[in-house]
Amino acid sequence: MTVSWIVTGLGIIVSLLGYYLTPSAWGYGILGFGLAHVILGVLDMFRQPNRSRY
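- In the nomenclature of an unreviewed UniProt entry, the protein chain corresponds to DUF4175 domain-containing protein from the organism Paenibacillus amylolyticus.

A look at the overall build of the protein chain
Move 1: The secondary structure content of the protein chain amounts to 2 helices and 0 strands.
Move 2: Relative to its length of 54 residues, the protein chain is extended, with a C-alpha radius of gyration of 14 Å against a globular reference of 10 Å.
Move 3: For the C-alpha atoms alone, the extent of the protein chain along its principal axes is close to 50 × 15 × 15 Å.
Move 4: Taken across its 54 residues, the protein chain has 20% of its residues classed as buried.
Move 5: Put simply, of all contacts in the protein chain between residues at least 6 apart along the chain, 47% involve residues at least 24 apart.
Move 6: Of the accessible surface of the protein chain, which amounts to about 4600 Å², a share of 72% is contributed by carbon and sulfur atoms.

Observations concerning helix 2 (residues 25–46)
Move 1: Taking 1.5 Å per residue, 22 residues should reach 32 Å; helix 2 reaches 32 Å between its end C-alpha atoms and fits that length.
Move 2: Looking at helix 2, one finds that the buried residues are Gly-27, Leu-31, Gly-34, Val-38 and Gly-41. Down the axis of helix 2, the smallest arc covering the buried residues is 90°, so these residues share one side. Along helix 2, the residues that are exposed and aim more than 90 degrees away from the buried face are Ala-25, Trp-26, Tyr-28, Phe-33, Ile-39, Leu-40, Leu-43 and Phe-46.
Move 3: Buried positions along helix 2 lie against helix 1 (2–20).

Side note on the UniProt feature "transmembrane region" (unreviewed entry) in the protein chain
Move 1: Cross-referencing UniProt, the feature "transmembrane region" (unreviewed entry) maps to residues 5–22 and 28–46 in the present numbering.
Move 2: Taken end to end, residues 5–22 comprises 89% helix and 0% strand; its first and last C-alpha atoms sit 25 Å apart.
Move 3: Between the first and last C-alpha atoms of residues 28–46 the distance is 28 Å; the span itself is 100% helix and 0% strand.

Calculation notes
- Chains are numbered independently. Their residues run from 1 in the order of the written sequence.
- Only residues with pLDDT of at least 70 get local features here, since the model is predicted, and only at 80 or more are side-chain atom pairs given and counted; chain-wide, interface and lining totals rely on the full set of residues.
- The side-chain figures draw on all heavy atoms in the structure; neither hydrogens nor water molecules are used.
- Helix and strand labels come from DSSP, where a helix needs a run of H or I of at least four residues and a strand needs a run of E of at least two; each type is numbered from the N terminus.
- With the radius of gyration taken over C-alpha atoms, the globule rule is written as 2.2 Å times the number of residues to the power 0.38.
- For the exposure calls, accessible area comes from a 1.4 Å probe over protein chains only, and a residue counts as buried if that area is under 20% of its type's maximum, exposed if over 50%, partly exposed in between.
- Residues are treated as being in contact if the distance between any of their heavy atoms lies within 4.5 Å.
- Computed with a 1.4 Å probe, the accessible areas rest on the Shrake-Rupley method; for each residue, only the protein chains presented here act as cover.
- Each residue after the first adds 1.5 Å to the expected span of a helix.
- Starting at the helix axis, one direction is taken to each C-beta atom, and the arc is that of these directions.
- UniProt positions are given in the numbering used here, feature names are shortened, and annotations may be inferred rather than shown by experiment.

And the structure:
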């Protein structure tokens, strides 16, 4: 769960950086990269851990 919060937090920081650079193509790319990390971090929080070990 801690890793999910770290990924989400870093995604928010990167998204804000991309937002401030948005008039350029690099800004849109960085914004999308950050938003993808936010979404993946949140989705990882809802994932059930695999507890069955063989």
